[in-house]
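Spelled out from the first residue to the last, the chains are:
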Amino acid sequence: MLRTILGIVAGVVLAFVVIMALEMVSYVAFPPPAGLDPADPEDVKRIAAAAPMAAKVWVVFCWFAGALAGGWLARRLSRTGWAGWVIAGLIAVGGIANVLMIPHPLWMQIAAVAAPLLGGWIVTRLPVGGSAPAAG
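Residues numbered from 1 in each chain as written. Predicted model: local features only at pLDDT ≥ 70, side-chain atom pairs only at ≥ 80, totals over all residues. Heavy atoms only, no water.

Asks: Any details on a nonpolar patch on the surface? Residues and values, ideally.
Replies: A cluster of nonpolar side chains, contributed by Met1, Ile5, Val9, Val13, Phe16, Val17 and Met20, occupies part of the molecular surface with about 700 Å² of accessible area. Mapped onto the fold, Met1 is located in the segment before α1 (2-29). (Patch = residues over 30% accessible without salt bridge, like charges linked within 9 Å, V, L, I, M, F, W, Y side chains within 5 Å. Areas by Shrake-Rupley, 256 points an atom, 1.4 Å probe, with all protein chains shown as cover. Salt bridge = Lys/Arg side-chain N within 4 Å of Asp/Glu carboxyl O. Helix = DSSP H or I, 4+ residues; strand = E, 2+ residues; numbered from the N terminus.)

Here you go:
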């Protein structure tokens, strides 16, 4: 049980790091418009509305990649098949919170749930606890 808890915690941490690191790439590639403060909630709404399509697609990719990386680590460390779904579920909940706080187009609202769940589904196709058995 401790192994499972630690695996899930490590998976959450890795998912967060992956999402934040990839979103930093987005800030470099697609800087917010001049005069808007990313720390101001009202300006964040304006930044999201003004973001180009590529930046919006990148955000969805971040949700997917975070769920995939964090889910993989959670499954690997916990050696349980369902630990990856916990990470995917948490990322989906975070995506829902994001779209409730910041207006997003409908396709991004759907992707806020679909992208992490796709990452979780892919993780379920990976071997639990490490490498696959040798083909024989």
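We are not done yet, so read on.
Asks: Give a detailed account of the layout of surface pockets, specifying residues and quantitative values.
Replies: In this structure, the largest pocket spans a volume of roughly 900 Å³. Glu23, Tyr27, Val59, Asn98 and Ile102 are, among the 33 residues lining the largest pocket, the residues nearest its centre. Of all the secondary-structure elements, those providing two or more residues to the lining of the largest pocket are α1, α2 (41-50), α3 (53-78) and α4 (83-101). Top element by residues in the lining of the largest pocket is α1. It accounts for eight residues. In the lining of the largest pocket, the residues fall into 26 nonpolar, five polar and two charged. (1 Å grid on protein atoms, 1.4 Å probe; cavity = no way out; pocket = protein on both sides within 12 Å on 5 of 7 lines; lining within 4 Å. Points joined across faces, edges and corners; volume = space filled by probe spheres on them. Nonpolar A, V, L, I, M, F, W, Y, C, P; charged D, E, K, R; others polar.)

Asks: Describe the side chain of His104, naming the residues involved and giving the relevant values.
Replies: Take His104: it is sitting in the loop between α4 and α5 (106-124). A polar atom in the side chain of His104 sits 2.5 Å from the backbone oxygen of Ile102. Ignoring sequence-local partners within four residues, the contact set of His104 consists of Asn98, Val99 and Gln109. (Polar contact = N/O pair within 3.5 Å; in protein donor to acceptor, adjacent residues only side chain to side chain. Contact = heavy atoms within 4.5 Å.)

Asks: Provide a residue-level description of the pattern of salt bridges, including the pertinent values.
Replies: Across all of its chains, the model carries two salt bridges by this definition. Between Asp43 and Arg46 there is a salt bridge whose closest N-O contact spans 2.6 Å. Taken together, the positions of Asp43 and Arg46, both in helix α2 and three residues apart, correspond to about one turn of that helix.

Asks: Which residues make up the side chain of Glu23, and what values do they have?
Replies: On the secondary structure map, Glu23 appears in helix α1. The side chain of Glu23 sits in the buried core without any salt bridge; Lys56 is the nearest counter-charge, 14 Å away. Not counting chain neighbours up to four residues away, the residues in contact with Glu23 comprise Trp58, Val59 and Cys62. (Buried < 20%, exposed > 50% of the residue type's maximum accessible area, 1.4 Å probe, protein only. Lys, Arg positive; Asp, Glu negative; His and termini not counted.)

Asks: So, the confidence of the model for the chain: which residues are in play, and what are the values?
Replies: Close inspection of predicted coordinates is inappropriate in any region flagged by low pLDDT. When the pLDDT values of the chain are averaged, the result is 90; 94% of them are 70 or greater. Taken element by element, the chain is modelled with least confidence in α2, mean pLDDT 86, and with most confidence in α5, mean pLDDT 96. When the criterion is pLDDT under 50, residues 132-136 qualifies, and its contacts beyond four places in sequence or with other chains add up to one contact. (pLDDT = per-residue confidence, 0-100.)

Asks: Tell me about the nonpolar core, and name the residues and values.
Replies: The biggest cluster of nonpolar side chains holds 22 residues, and the ones touching the most others in it are Leu22, Val60, Trp63, Ile87, Ile91, Met108 and Ala115. Going through the elements one at a time, α1, α3, α4 and α5 are the ones with two or more residues in this core. The element best represented in this core is α3, accounting for eight residues. When residues no more than four places from it in sequence are discounted, the contact partners of Leu22 are Trp58, Phe61, Cys62 and Ala65. (Core = buried A, V, L, I, M, F, W, Y, C linked by side-chain atoms within 4.5 Å.)

Asks: Give me the packing of α1 against α4: which residues, what numbers.
Replies: Two elements in contact, α1 and α4, have axes whose closest approach is 10 Å; the angle formed by their N-to-C orientations is 45 degrees. What the angle tells us is that α1 and α4 run oblique. For α1 against α4, the interelement crossing comes out right-handed. Here Ile8, Gly11, Val12, Ala15 and Ile19 of α1 come into contact with α4, specifically with Ala83, Val86, Ile87, Leu90 and Ile91. (Axes fitted to C-alpha atoms, helices over the stretch in contact; angles between N-to-C directions. Parallel < 35°, antiparallel > 145°, perpendicular 65-115°, else oblique. Left-handed = near helix turned anticlockwise from the far one by under 90°.)

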